[in-house]
Amino acid sequence: MQPILDVENLVKEFPFKGDKKNGVPRAIDDISFQVFEGEALGLVGESGSGKSTTARCILHLLKPTSGKVSFQGSNVLEMNKNELKSFRKDAQIVFQDPYSSLDPRMKVGDIIGEGIEIHNPKISKQELRNEVIEMMELVGLRPDHFNRYPRAFSGGERQRIGIARALAVKPKLLICDEPVASLDVSIQAQILNLLQKMKEELGLTILFIAHDLATVRHLCTRIAVMESGKIREIGDRSQIYENPQHPYTQSLIAIVPEPDPISERARLVERKLSKLKEQP
Amino acid sequence: MQMAKFVWSHKLVSISIAILVLVVSSAIFLSLLAPFDPYAINVKMANMPPGTPSVDGSGTHWLGTDALGRDLLSRIMLGSRVSLSVGVVSVILSGTLGTFIGLIAGYYRGVIDTVMMRIVDLQMSIPSLLAALLVLYVLGPSFMNVVLVLAITRWMIYARVTRGLTLSLREELFIESARALGSSDKRIMIRHLIPNLAAPILVLATLDLAIVMLTEASLSFLGLGIQPPNTSWGLMISEGREYLRSSWWLVAMPGFAILFTTLSVNIIATWFRAKTVKSNAQRVTIPKVASK
Ligand SMILES: Nc1ncnc2c1ncn2[C@@H]1O[C@H](COP(=O)(O)OP(=O)(O)OP(=O)(O)O)[C@@H](O)[C@H]1O
Ligand SMILES: [Mg+2]
C-alpha cells in the first residue's frame, strides 16, 4: 500500500543564542514514520515530547532542520507557493488549544468558510453559506450559530468549530493535535465519536496526537509512541497494548485507566492465552 | 429606556458625547446654527462683553464680540470647522500610514523591521511641535501644509503601537490556523491582523486627535497655522491676546472650546479602551493539561 504521508529522518532544532557547547536541543530527533490512506495513526507521548512540533513540520508551518516529508509522493518542503496552497487544501490540522485557535473578531460562519473561500475565491455568497451550514450540521453545531463570535462558545463547541473549519476544505489527511486534551471526559467522547464518524463517512486519513494511550484506543488502529523527540515504538494497536516492547510504552500502558472491568479481565485472559501459545 | 440607563451609569461619557455632537454639528451645520454671520463686521460693537444684546435687538451676543465686532460664538463655531477638520484629516493620514508601516514591520520582522524602527526612533527623538514649526516656517503656513506636517510628525506613534501588537498577534494560534488553511500574507493581514488591531488603534487615534487639535492651536497661535480671515481656535486665542486685559473673553472662550472638546475626546477614548480591555479579558485560556 502507498503511504499518503511519508516522514523520513525528520529533525527540528530550536537553536537559541549562547549555550552552543551542549549542542542544540532537538525537539524532534530523527523520526521516520508513514501514514497510510484511510487509516488513523495515533501519535502518543508526554508533554514536550515534540508531537506538536512534528505536526507543524509536516504541514510546513515550521521549517524542519533536516529530513523529508512526502505527501502523496511529492516533497512538501520543496513545494512552491501554488503547490503549497493546494497541499494545504489536502492536509488540514485541528489545533490543540480551542481557545486561541479561533480568531476572536470573526464570526463562526466566516471562520468555517475561510478555507472554502481561499481555495475557491469565486464561490457565491449563498453557496458558501450553504456549504458552511452543511459543515456545521456535520459536526453537530446549530446553523443559527452562524453569526456568533467564538467567545460565545464552550470549549467543546469551539473544538467542533475547529474541526468543521479543517474539514470544510475536504482534506484527505487530518492532523488532530490533542483535540480533546482540554475538554471534559464526556465531551472528549463526543469529539472522538465525531472523528470516528468522519473517518468512516469521508474516508479521511487521520494522524491523531494525544498524550495518553487511552484517548487513541478506539480511534487508532496503529500507534506511534514518542518520547523526547524520538519515536520509541510504532505498531498495531494490539501489539502496543498487549506486547509493548519499549519501557516507555510500558509506563504509558500502566497509567491507562481501565473504565470497564470486564474488558480488563478479558484482556488479562487474552494476554495469558497468548503467553500460553508462545510456550512450546 | 436603555439609553437612559446608559446615560445614568456613564454620566461623564454621556456629557462628553453630547459636547462632541454639539461641536461636530456646529461645524457641519454652521449656517443653520450660528446665531450671527461669523464674518459680519461691526466696529461699533467691538469687544463687547458676553451677554450684550445685538445692535438691531434681534438677539444676544452670548459670548460677546471680538475686536471687529463679530459675534464670538459664531466665530468659535466657524473655528471648530478648521480645528476639527485639521485634527481628523491629519489623524486619519498619520494613523493609516503608521498602522501600515507598523503592520509590515511587525509581520515580516527582519531587516524591514530594523530599518523602519530606526526611523521611528530617530523621529521620536525630535519634539513634534519643534519639527512642525521648522517645516511650516520653510513651507509657509496653509491648511494643507498644517495637515501634512501634523500627519508626518505623528505617524510614528501608530507605527510603534501597531508593530508591538502585531508582534504578539502573529504568534497567536489563529494566525497559524489561517496559514494552515492556505491564507496568503495579505489575507492574514487584512482579514485577521487589522480587525484585531482596530480597537486599540482607534483608542490611540482618539487620544491623538486631542493632541493634534492642541498642536494645531499652538501652531496657529504662533502664526504658522491657519491664516485670517479663516480662523481656528488657536488663531482666535492669538488674536485675542492683545486685548487680554480689557476683554478676557476673547481668549477664554476659544480656550474653553479647546479644553472641553479635547477633554471630551479623551474621556471617550479612555472609556472605549476600558471597554475593549474588558471584552479581551473575557477570553480566558484554559491551561494545557500536562500528562503525568
Ligand atoms: N517555537 C519554539 N521555540 C523554541 N522551542 C520550542 C518551540 N516550540 C516547541 N519548542 C520546544 O520543543 C519541544 C517540543 O514541543 P512540542 O510543543 O512539540 O511538544 P508536545 O509534545 O506537543 O507537548 P504538549 O503535549 O505539551 O503539547 C519542547 O521542549 C518545547 O519547549
Ligand atoms: Mg502539543
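Just above sits the structure.
An account of the accompanying structure is given in this report. The structure presented is a predicted model; accordingly, all values stated were derived computationally and were not measured.

Focus on the overall build of chain A
- Counting its regular elements, chain A contains 10 helices and 10 strands.
- Taken over 280 residues, chain A has a buried fraction of 52%.
- The long-range fraction of contacts in chain A, counting pairs at least 24 apart against all pairs at least 6 apart in sequence, stands at 67%.
- Total accessible area on chain A stands at roughly 13,400 Å², and carbon and sulfur atoms take up 50% of it.

A word on the site of ligand 1
All names here are of chain A.
- Around ligand 1, the structure places 13 residues, and the nearest of them are Ser 47, Ser 52, Thr 53, Gln 96 and Glu 178.
- With respect to ligand 1, the backbone of Gly 48 contributes an N or O atom lying 2.8 Å from an oxygen atom.
- A total of 630 Å² of accessible area belongs to ligand 1 in isolation, and the protein chains cover 62% of it.
- A per-element tally of the shell around ligand 1 places helix 1 (residues 51-58) first, with three residues.
- Residue composition of the shell around ligand 1, grouped by class: two nonpolar, seven polar and four charged.

Digging into the pattern of salt bridges
- Within this structure, the stated rule accounts for 18 salt bridges over all chains.
- Here A:Arg56 ties to B:Glu176 by a salt bridge, and the two come within 2.5 Å at their closest N and O atoms. Placement of A:Arg56 in helix 1 and of B:Glu176 in helix 8 (residues 173-180) is noted, with the two residues assigned to different chains.
- Between B:Glu171 and B:Arg170 there is a salt bridge, and its shortest N-O distance comes to 3.2 Å.
- The class for B:Arg170 is buried, based on a relative accessible area of 17%.
- Shared partners join several salt bridges into a network, and the residues in it are A:Glu13, A:Arg26, A:Asp29 and A:Lys230.

Looking at the coordination of the magnesium ion (ligand 2)
Residues and elements named next belong to chain A.
- In this structure, Ser 52 (OG) and Gln 96 (OE1) serve as the protein donors to the magnesium ion (ligand 2), at separations of 1.8 to 2.4 Å. Of the two residues, Ser 52 sits in helix 1 while Gln 96 sits in the loop between strand 6 (91-94) and helix 3 (108-119), which places them 44 residues apart along the sequence. Each member of the pair Ser 52 and Gln 96 is classed as buried.

About the cut-offs
Residues numbered from 1 in each chain as written. Chains lettered and ligands numbered in written order. Predicted model: local features only at pLDDT ≥ 70, side-chain atom pairs only at ≥ 80, totals over all residues. Heavy atoms only, no water. Helix = DSSP H or I, 4+ residues; strand = E, 2+ residues; numbered from the N terminus. Buried < 20%, exposed > 50% of the residue type's maximum accessible area, 1.4 Å probe, protein only. Contact = heavy atoms within 4.5 Å. Areas by Shrake-Rupley, 256 points an atom, 1.4 Å probe, with all protein chains shown as cover. Near = heavy atom within 4 Å. Polar contact = N/O pair within 3.5 Å; in protein donor to acceptor, adjacent residues only side chain to side chain. Nonpolar A, V, L, I, M, F, W, Y, C, P; charged D, E, K, R; others polar. Salt bridge = Lys/Arg side-chain N within 4 Å of Asp/Glu carboxyl O. Donors = N, O, S within 2.8 Å, 3.2 Å for Na, K, Ca; no water.

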